[in-house]
Amino acid sequence: MKPARIVLLVVVALTLVRLAIVWLQKPSPDEAYYYLCSQHPAPAYFDGPVGTAFLVGLVNALGGGDFFWRALAPAWALVASVFCFLFVRRLANESIASLATLVLNLLPGFNVQALRVGPQLPALALLILCLWLAWLAFEAEKDSLVWWFLAAVALGAACVFSYAAICVVPLVIVFVLSSAKHRRARDIGGLVILVALPVAFLFPALVWNAGQEWIPMMPGTLRSLWHFDSGGFLASLVSLLYFISPLVAVTLLGTWAMLASGARAHVRARFLFLAAMPFVLLSLYMLYHGGDAAFFFLLAVPILLVRARDFVDLIPGGRWAGGTAVVLALGFSLHAAAASMDDGRAWDSAAAHARDVFLRELRQDNEGLFLVAENPSLASALGYYLKDSLMPPAGHPVVYVGESQDISSQYSLWPTYADFVESTRVVDEYYTEQKGENPFVGRSALYITEEKADEVPQTIKAAFESVTLLEEFPLRGAHRNPLYIYLCKNYQTLPL
């Protein structure tokens with residue numbers, strides 16, 4: 001049987017296994033957050049472009065249940081595998097393409113994303129499609145504008161999932177212009193299309209980010225962007241080595257260095273080196289800055305797998321090391337998949353318990369209770385499971401996040417219990433110029449958190465007349481802190 005058919009059977013089998021796992025597990029807090037974002041449509045979100053939330057909302061609008069929108073993760077893994085095979089086969093051969101596709105499916109980071117809805121795999125699949133089409137346009141003797149147009153559409157779609165995808169544009173431009181033979185009018189026209197279409201795809205998101213003073217895209221100051229975070233560096237390095245697998249990560253970095261040495265003389269080496277460059281450099285920057293380096297490095301993996309075998313062959317005992325790298329990656333993947341399954345465990349029972357406490361206290365509170373969580377992750381997990389039980393005011397989330405000056409998630413833009421609404425009623429005779437009131441003033445809340453009594457933030461203690469611990473609820477799962485439920489009485493807006 002041909003290697004390609006074997007790989008196809010393996011990928012299909014893995015997809016069925018992933019679908020079964022998705023069926024058996026519960027949504028994670030991150031998935032719940034994307035679902036809630038899909039219920040509050042926007043041109044973009046604090047966590048990135050609109051693509052993931054849009055797809056989740058579209059599947060729900062078409063009548064799909066929880067399983068169907070969460071099945072998008074295994075589906076994108078299948079699509080990414082197919083595009084990886086096609087891309088590597090075009091630039092190498094079928095044997096190497098088969099091996100590259102298998103290695104991609106063994107990576108822990110790839111397997112985790114294949115089980116949880118997120119932007120990583122859609123961005124990866126569409127980016128590889130774009131580069132494959134760009135190479136076809138580069139090679140074409142005629143109709144290259146068609147290939148450039150399709151590449152631009154694929155890149156625009158990738159940008160809807162990750163802003164990082166746009167970084168490939170200047171490198172493709174450099175690659176095309178570096179070849180005198182291919183500085184043709186139709187290729188120059190293709191490059192114009194490659195720039196214009198992704199910008200058109202991103203235009204609504206750019207307008208939205210401008211309205212937020214670019215905080216979602218560029219948080220912090222210029223100084224903070226270049227600040228070295230020693231603790232974050234170690235955490236980021238461990239995450240990179242875990243999700244890419246140590247030997248695979250070292251092999252791919254060595255492959256990139258090998259491509260750099262041959263980029264001047266060989267067209268394919270130059271294309272691969274330049275295509276991988278933005279994502280390798282972004283991952284190194286994230287290591288320095290203490291960010292998510294594994295996500296950006298994963299975008300470079302299929303590009304570097306085209307020539308990874310050549311690099312392995314240069315190393316003494318390279319075949320043995322390559323086999324060890326694959327086995328190690330498989331071991332990390334099994335551990336990562338098990339941990340991913342644990343991410344969604346117990347949140348349904350925690351939400352059910354919170355609902356019972358809420359309804360019990362509601363019977364004793366004529367003013368009406370509301371729910372507040374410690375952070376966006378917890379608010380999303382609880383809000384997702386309570387969406388059919390509690391009806392918040394129009395446009396409001398089911399569970400609020402504690403009020404704060406920190407602007408770091410979409411919860412910062414959604415209505416909150418600290419907001420004032422327009423009103424002609426004079427709330428305070430000493431402030432008659434105030435034309436608004438807070439409808440939550442005087443009401444009580446349940447604050448749900450992992451914080452013990454002495455750790456409850458001042459923004460909660462100062463905003464309520466009293467804060468009393470009601471219950472401690474243990475969460476199932478390894479290394480999980482219990483949840484504490486506090487009754488917070490008589491809300492008053494925080495003093496300025």
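Here goes a summary of the coordinates provided. (Residues numbered from 1 in each chain as written. Predicted model: local features only at pLDDT ≥ 70, side-chain atom pairs only at ≥ 80, totals over all residues. Heavy atoms only, no water.)

## Overview of the packing of aromatic side chains
Within this structure, the stated rule accounts for 30 aromatic pairs. Note on tryptophan 69 and tyrosine 384: the rings are 6.3 Å apart at their centroids and 75° apart in plane angle, and the pair reads as edge-to-face. With tryptophan 69 in helix α4 (residues 66-70) and tyrosine 384 in helix α20 (residues 376-385), this residue pair connects regions lying 315 residues apart in the sequence. Among the aromatic residues, those joined into a cluster by ring pairs are Phe370, Tyr400, Tyr417, Phe440, Phe464 and Tyr491. Above the plane of the ring of tyrosine 35 lies lysine 387, whose end atom (NZ or CZ) is 5.2 Å from the centre. (Phe/Tyr/Trp six-rings, centres within 6.5 Å; stacked < 30°, edge-to-face > 60°. Helix = DSSP H or I, 4+ residues; strand = E, 2+ residues; numbered from the N terminus. Lys NZ or Arg CZ within 6 Å of the ring centre and 35° of its normal.)

## Examining the sheet that holds strand β9 (residues 483-491)
Read across the open sheet, the 5 strands follow the order β4-β3-β7-β9-β8; overall the sheet is mixed. The sheet is open, and its two edges are formed by β4 (400-401) and β8 (464-473), each paired on a single side. Pairing analysis gives 5 bridges linking strand β3 (residues 369-373) to strand β7 (residues 444-449), with the strands arranged parallel. Considered in β7, the bridge of leucine 369 is made with serine 444. (Pairing = 2+ DSSP bridges.)

## Considerations on the environment of asparagine 438
Note on placement: asparagine 438 falls in the loop between β6 (436-437) and β7. Beyond its immediate sequence surroundings of up to four residues, asparagine 438 is in contact with Tyr417, Ala418, Asp419, Phe420, Tyr491 and Thr493. From its side chain, asparagine 438 meets the backbone oxygen of tyrosine 417 in a polar contact 3.0 Å long. In this structure the side chain of asparagine 438 is engaged in a polar contact, spanning 2.7 Å, whose partner is the backbone nitrogen of phenylalanine 440. (Contact = heavy atoms within 4.5 Å. Polar contact = N/O pair within 3.5 Å; in protein donor to acceptor, adjacent residues only side chain to side chain.)

## Considering the packing of helix α10 (residues 168-177) against helix α11 (residues 185-211)
Between α10 and α11, whose axes approach to 10 Å, the crossing angle comes to 175°. By the angle between their axes, α10 is roughly antiparallel relative to α11. Counted together, Val169, Val172, Ile173, Val176 and Leu177 of α10 and Asp187, Ile188, Leu191, Leu194 and Val195 of α11 form the full contact between these two elements. Of the residues that constitute the contact of α10 with α11, the class distribution is 9 nonpolar, no polar and 1 charged. (Axes fitted to C-alpha atoms, helices over the stretch in contact; angles between N-to-C directions. Parallel < 35°, antiparallel > 145°, perpendicular 65-115°, else oblique. Nonpolar A, V, L, I, M, F, W, Y, C, P; charged D, E, K, R; others polar.)

## Considerations on the state of the cysteines
A full pass over the atoms with the stated rule returns 0 disulfides. Cysteine 159 provides the cysteine sulfur closest to cysteine 167, a residue in no disulfide bond, and the two sulfurs are 8.6 Å apart. According to the relative accessible area criterion, cysteine 167 is partly exposed, its value standing at 27%. (Disulfide = S-S within 2.5 Å. Buried < 20%, exposed > 50% of the residue type's maximum accessible area, 1.4 Å probe, protein only.)

## Focus: the nonpolar core
Counting residues in hydrophobic clusters, the biggest one holds 140 residues, and the most contacted among them are Phe87, Leu124, Leu131 and Leu155. Tallying contributions element by element places helix α8 (residues 120-139) first for this core, with 17 residues. If we ignore the near neighbours within four places in the chain, the residues touching leucine 124 are Ala80, Leu104, Phe110, Leu298, Leu299 and Pro302. (Core = buried A, V, L, I, M, F, W, Y, C linked by side-chain atoms within 4.5 Å.)

## Concerning the pattern of salt bridges
Two side chains that carry opposite charge are able to pair once their charged atoms sit near each other. Following the criterion strictly, the structure yields 9 salt bridges and no others. Between glutamate 31 and arginine 70 there is a salt bridge; the shortest N-O distance is 3.5 Å. With glutamate 31 in helix α2 (residues 29-38) and arginine 70 in helix α4, the pair connects residues that are 39 residues apart, well separated along the chain. Here arginine 360 makes a salt bridge to glutamate 471, at a shortest N to O gap of 3.0 Å. Separated by 111 residues along the polypeptide, arginine 360 in helix α19 (residues 347-362) and glutamate 471 in strand β8 bring together distant segments of the chain. Beyond isolated ion pairs, a larger network of salt bridges with shared partners links Glu31, Arg70 and Arg116. (Salt bridge = Lys/Arg side-chain N within 4 Å of Asp/Glu carboxyl O.)

## Quick look at empty space enclosed by the protein
Applying the stated rule across the entire model yields 3 cavities of 30 Å³ or more. Space inside the largest cavity adds up to approximately 50 Å³. Every residue lining the largest cavity is listed: Thr52, Leu55, Leu72, Ala73, Trp76, Val117, Gly118, Pro122 and Phe161. The set of elements that each furnish at least two residues to the lining of the largest cavity consists of α3 (51-61) and α5 (72-91). With 3 residues, the top contributor of residues to the lining of the largest cavity is α5. Residue composition of the lining of the largest cavity, grouped by class: 7 nonpolar, 2 polar and no charged. Volume-wise, the second largest cavity comes out at about 40 Å³. Taken together, Leu72, Ala73, Trp76, Gln113, Arg116, Val117, Gly118, Gln120, Leu121 and Pro122 form the lining of the second largest cavity. Of all elements in the fold, only α5 and α8 reach the threshold of two or more residues within the lining of the second largest cavity. In the lining of the second largest cavity, the residues fall into 6 nonpolar, 3 polar and 1 charged. (1 Å grid on protein atoms, 1.4 Å probe; cavity = no way out; pocket = protein on both sides within 12 Å on 5 of 7 lines; lining within 4 Å. Points joined across faces, edges and corners; volume = space filled by probe spheres on them.)

Bear in mind that shape data such as this cannot, by itself, settle questions of function.
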